[in-house]
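# What the coordinates show
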Amino acid sequence: MLLNQQELENKEQWTEAGIRVPTFDRGAVKRQTETAPTWLHLGPGNIFRAFPAMLMQKLLDTNQVDTGIVVAEGYDYEIVDIMKQQNDNLSLLVTLKTDGNIEKTVVGSIMESLKIDRESKEDYQRLVAIFENKTLQMVSFTITEKGYSLTDSRGNYGQQIVEDFTNGPEVAESYIGKVAALLHCRFLAEQLPIAFVSMDNMSHNGDILKSAIHTFASKWEENGLVTPEFVAYVNDPEKVSFPWSMIDKITPRPDETVAQMLRKDGFEEVDYKITPECWLWFTLFI
């Protein structure tokens, strides 16, 4: 038993292993999401896949929505390679209940995974298209508190940040710089509205995200790289909102006993995968 879409079609083996699988038509949802994406999430680590992605799956299973989630990563690109190439954007959620029982669920609400990387031209152009699509409603974030920081411990802007301020949205390379550049694409597409929703566990997370995006918009405007209207767009809550939100959860690295249990259930190639980029560590059973 392997974690991919082809194996998922054999429902009987999952039932025998006591693993719940999505009940919605994943192919149909994928096609609808490609045409009319509504939710883009940045930072597809464990906590996102265990909680928001699982909640979205429940909505899909009960026919309350007809599109899934598109995820993107702007730093640790190996996460996207693993999700897309090896697992067809599926993940396995193992939950230890308070009564000692273990619940196992294949999470299939993620329809597409992309790199926020200009060198990955196809992925980046797809992200531009998503930002320019009027159906997009929300961009959410779990990029850790460090991901929003533009300055060092002394309050000085990092070198890459300074270069982005000078070079503008067309060539921005920092994480928030690339996000601000994509937002500028949405601004150019008739100033379409959007909600930027930080889900990271930090006080006033929406304000912190807004400050980072606003800083880029202001610096670019000062340098004549964007129009004053873009700054006004970022500051207009009717156009771009930055609500406070939080997932007050911890998703631990799976214990070896979980791997042993999955092997007994028939899973092949069960192992840890920890990417070299440690600021957002990532583990996955495949």
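Everything here concerns the structure above.
What comes next concerns the included structure. Since we're looking at a predicted model, the values are computed, not measured.

### Here's the deal with the overall build of the chain
A tally of regular secondary structure across the chain gives twelve helices and nine strands. When each of the 286 residues of the chain is scored for burial, the buried share is 52%. Expressed as a percentage of contacts within the chain between residues at least 6 apart in sequence, the contacts between residues at least 24 apart total 73%.

### Considerations on the environment of Val-71
Looking at the secondary structure, you find Val-71 in strand S3 (residues 69–73). Since its relative accessible area comes to 0%, Val-71 is described here as buried. Val-71 sits 28 residues away from Gly-43 along the chain, and the two C-alpha atoms are 7.2 Å apart. Val-71 has contacts with Leu-40, His-41, Pro-44, Phe-48, Met-83, Ile-110, Glu-112, Ser-113 and Leu-114, leaving out every residue within four places of it along the chain.

### Brief notes about the pairing of strand S6 (residues 110–115)
Of all six residues that make up S6, six are buried, and the element is covered over most of its length. Judged from the five bridges that link them, S3 and S6 form a sheet pairing that is parallel. Bridge assignment links Ile-69 to a residue of S6, and that residue is Ile-110.

### A closer look at the nonpolar core
Side chains of a nonpolar character, in soluble globular proteins, are inclined to be buried together. Counting residues in each nonpolar core, the largest one holds 45 residues, and the members touching the most others are Leu-42, Phe-196 and Ile-213. When residues of this core are assigned to their parent elements, the largest contribution, nine residues, is made by helix H9 (residues 175–188).

### Brief notes about the sheet that holds strand S2 (residues 39–42)
An order of S6-S3-S2-S7-S8-S9 is seen for the six strands of this open sheet, with the pairing classed as parallel. Here the strands that pair on one side only, and so sit at the sheet edges, are S6 and strand S9 (240–241). Pairing of strand S8 (residues 194–198) with S9, which is carried by two bridges, proceeds in the parallel orientation. Opposite Ala-195, over in S9, you have Ser-241 as the bridge partner. Across the face of the sheet, helix H7 (residues 121–131) comes into contact with S2, S3, S6, strand S7 (138–141) and S8 while running at roughly 120° to S6. The sheet contacts of H9 involve S2, S3, S7, S8 and S9, and relative to S8 the element is tilted by about 160°.

### Section: the sheet that holds strand S5 (residues 102–107)
With mixed pairing, three strands are arranged side by side in an open sheet as S1-S5-S4. In this open sheet, the two edge strands, each paired with only one partner strand, are strand S1 (19–20) and strand S4 (91–96). Pairing analysis gives six bridges linking S4 to S5, with the strands arranged antiparallel. By the bridge assignment, Ser-91 is partnered in S5 with Val-107. Contacts from helix H5 (residues 52–61) reach S1, S4 and S5, with the element oriented near 75° to S5.

### Brief notes about the packing of H9 against helix H10 (residues 205–222)
At a closest axis distance of 10 Å, the pairing of H9 and H10 adopts a crossing angle of 70°. Compared by their axis directions, H9 and H10 come out roughly perpendicular. Between H9, through Ile-176, Gly-177, Val-179, Ala-180, Ala-181 and Leu-183, and H10, the contact on the second element is made entirely by Leu-209, Ala-212, Ile-213, Phe-216 and Trp-220.

### Description of the packing of aromatic side chains
When we look at a pair of aromatic rings, we describe it by the centre distance and by the angle of the planes. If you walk through the whole model with that rule in mind, you get ten aromatic pairs. Relative to Phe-242, the ring of Phe-196 lies with its centre 5.8 Å away and its plane at 85°, an arrangement referred to as edge-to-face. Here Phe-196 is found in strand S8, whereas its partner Phe-242 is found in the loop between S9 and helix H12 (256–264), with 46 residues between them in sequence. Across the pair, exposure class does not vary: Phe-196 and Phe-242 are buried alike. Within the aromatic cluster, the residues linked to one another by ring pairs are Phe-141, Tyr-148, Phe-196 and Phe-242.

Parameters and conventions
- Residues numbered from 1 in each chain as written.
- Predicted model: local features only at pLDDT ≥ 70, side-chain atom pairs only at ≥ 80, totals over all residues.
- Heavy atoms only, no water.
- Helix = DSSP H or I, 4+ residues; strand = E, 2+ residues; numbered from the N terminus.
- Buried < 20%, exposed > 50% of the residue type's maximum accessible area, 1.4 Å probe, protein only.
- Contact = heavy atoms within 4.5 Å.
- Pairing = 2+ DSSP bridges.
- Core = buried A, V, L, I, M, F, W, Y, C linked by side-chain atoms within 4.5 Å.
- Axes fitted to C-alpha atoms, helices over the stretch in contact; angles between N-to-C directions.
- Parallel < 35°, antiparallel > 145°, perpendicular 65-115°, else oblique.
- Phe/Tyr/Trp six-rings, centres within 6.5 Å; stacked < 30°, edge-to-face > 60°.

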